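Given next are the chains, with one letter for each unit.
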Amino acid sequence: LVFQAVFNLLLPDHSADAFSPPRLGAPGPWDALLERLLGGLGRWDAEHFLFIAERGYLFEHNCAFLPLFPLSLRALACVWPPQLQPRSRLLLSAALLNALLAVLAAAALYGLGRAVLRRPREAFLAALLFSLSPASVFMAAAYSESMFAFLAFSAMWQLEKGQSWLSGLLFCLASGARANGLVNAGFFLYSRGKRFALQLQVGSASVRKLPLMWKQVLSLALSAALMCAGICLPFALFQYYAYVRFCSPGTGPAQSVPEPLLQLARDKGYRVAGMDGAKPPWCSQRFPLVYSYVQDTYWNVGFLRYFEFRQIPNFLLALPVTLLGSWAAWTYVSTNPRHCLTLGLERSKSEEKGKPRDGFCGPAAFVYVVHATALLAFGFSCMHVQVLTRFLGSSSPILYWFPAHLLQEHEPLLWTDSPASGKPLLRKSPCRKGTLDNLVLRLLLNWRLITTLSKSILGFFLCYWLLGLILHCNFFPWT
């Protein structure tokens, strides 16, 4: 927050062709102060979230942003003095809410890492890397990334602990914050399928047990279907809300829209809710999904549409996270070829002995590697590729587990209690009384001594952390 305020004061804003609604009402001295201190958090897509929180889904293209985060901002803004302008109250709410959610997301990632990796030291290192995430500016700005990361990581953690219904509730909320939350239904499907497959391998397939087996199949299928339906429910309800709002002329608030906003709609070609006239094309589709229509029409999102020569700089921006995600997938597959071919549904010899492999390459990480690889492939081929860093950084723990794995395996300074001790701690658990050592800080303070691989990983995290603050907060192309 401090750095973005400094950079926002020192550097002039770039004149970007982005959504920027007119400010209505006369700002007071406190509004001007808040804009100077926190204005850098309201750039690019943050303008949409702040506008939705203040005005609702007035313009059609606002429907690309799901409602949980703006609703939370609107609720929190009620606690601030009414003398402040609505934008100032919302901006202050976004700064405080996302600061809290980012801390909670780091804690959830740590808990999830301990459950999956079963290496507390590596899980702690991953949580420290999350605090220096290449997508940090989006965790602080008025974006839904911090909220989604907290909900998604918490849901994954609860599922690992066997708390299925609590996990389903958190996944459900996550799908109300970002559309890619729908993909998280795959965690439930895989969890149920794996449980059934392991039960078959443990038990005998006698004829007498067939009726019981079918009951188990139906029970697992029913619970998985209910959970998946619950996860998809917020997204489906939002599509219905948008259909009523934009496909039924006369039901919206067009008559009460301030003239400057109507003029903006006329100048930019935005469709206003409740306006009489021709229905939007998506209203007459068999499945009227406003989300996919808006992404296609306003942002030109689609398969390979971004593969143009003029987008080469954006592909270069996405190159580090693309290489990191691809490297993670290759490392896991090459280490566990049989486990991947059987989709992790076959009990390994180590699991039968009750001692499965731990760490990033352990069997428990399989579904997370698949999830991250699927997001990477979809984002690279179908989305604006420069958003890959925040897309993966807020959705997948792999972006933090794999660098933590590389640092732990290849950095000698992490094998000792102190850089000068020389006592190997390759297998020693850091779970002891007192606080854990800040491993990232240790590496940064001994920069000259660390390996080239460690410098590359930390350099990527730190450079994107700093560049994001400088560029995004001044309306330069860092989205």
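Quick notes on the rules
- Residues numbered from 1 in each chain as written.
- Predicted model: local features only at pLDDT ≥ 70, side-chain atom pairs only at ≥ 80, totals over all residues.
- Heavy atoms only, no water.
- UniProt positions renumbered as here; feature names shortened; annotations may be inferred.
- Helix = DSSP H or I, 4+ residues; strand = E, 2+ residues; numbered from the N terminus.
- Buried < 20%, exposed > 50% of the residue type's maximum accessible area, 1.4 Å probe, protein only.
- 1 Å grid on protein atoms, 1.4 Å probe; cavity = no way out; pocket = protein on both sides within 12 Å on 5 of 7 lines; lining within 4 Å.
- Points joined across faces, edges and corners; volume = space filled by probe spheres on them.
- Nonpolar A, V, L, I, M, F, W, Y, C, P; charged D, E, K, R; others polar.
- Contact = heavy atoms within 4.5 Å.
- Disulfide = S-S within 2.5 Å.

Per an unreviewed UniProt entry, the protein chain carries the name GPI mannosyltransferase 2 and comes from Rhipidura dahli. Word for word, the UniProt comment on the protein chain under Function (unreviewed entry) is "Mannosyltransferase involved in glycosylphosphatidylinositol-anchor biosynthesis." Regarding the protein chain, the relevant UniProt record gives this comment under Sequence similarities (unreviewed entry): "Belongs to the PIGV family."

When the UniProt feature table is mapped onto this chain numbering, "transmembrane region" (unreviewed entry) sits at residues 90-112, 124-144, 217-242, 312-333 and 457-478. Counting secondary structure, residues 124-144 comes out at 62% helix and 0% strand; the distance between its end C-alpha atoms is 24 Å. The span residues 217-242 carries 100% helix and 0% strand; its end-to-end C-alpha distance comes to 37 Å.

Here we take up unusual backbone geometry. Residues other than glycine seldom take positive phi values, yet Trp44 does so here, at roughly 50 degrees. On the basis of relative accessible area, Trp44 is assigned to the buried category, the value being 15%. Positive phi, normally seen in glycine, also occurs at Leu304, with a value near 60 degrees. Turning to its location among the elements, Leu304 is positioned in the loop between α13 (290-298) and α14 (312-335). Relative accessible area serves as the criterion here: at 41%, Leu304 is assigned to the partly exposed category.

Within the structure shown, the criterion is met by three cavities of 30 Å³ or more. Approximately 100 Å³ is the volume found for the largest cavity. Looking at the largest cavity, it is lined by 14 residues, and the ones nearest its centre are Gly325, Ala372, Leu392, Ile398 and Leu399. Listed by contribution, the elements that provide at least two residues to the lining of the largest cavity are α14, α17 (366-382) and α19 (398-410). At five residues, α14 tops the list of elements feeding residues into the lining of the largest cavity. Looking at the lining of the largest cavity residue by residue, the classes come out as eleven nonpolar, three polar and no charged.

Glancing now at the layout of surface pockets. By volume, the largest pocket amounts to about 1,500 Å³. Lining the largest pocket are 45 residues, with Asp45, Gln295, Trp299, Val301 and His384 sitting closest to its centre. Elements that contribute at least two residues to the lining of the largest pocket include exactly α3 (45-55), α13, α17 and α18 (388-393). Residues belonging to the lining of the largest pocket are distributed by class as follows: 25 nonpolar, twelve polar and eight charged.

In this section: the environment of Pro260. By the secondary structure assignment, Pro260 is in helix α12 (residues 259-268). The exposure class assigned to Pro260 is partly exposed, which follows from its relative accessible area of 37%. Along the chain, Pro260 and Pro21 lie 239 residues apart, while their C-alpha atoms are 8.6 Å from each other. With residues near it in sequence (within four places) discarded, Pro260 still touches Pro22 and Leu24.

Right, let's get into the state of the cysteines. The final tally for this structure, using the stated rule, is one disulfide. Paired through a disulfide, Cys247 and Cys283 show a sulfur-sulfur distance of 1.7 Å. Measuring handedness by torsion sign, the sulfur bridge of Cys247 and Cys283 sits at about -80 degrees and is left-handed. Placement of Cys247 in helix α11 (residues 210-247) and of Cys283 in the loop between α12 and α13 is noted, with a sequence separation of 36 residues between them. By the burial criterion, Cys247 is buried, and Cys283 matches it.

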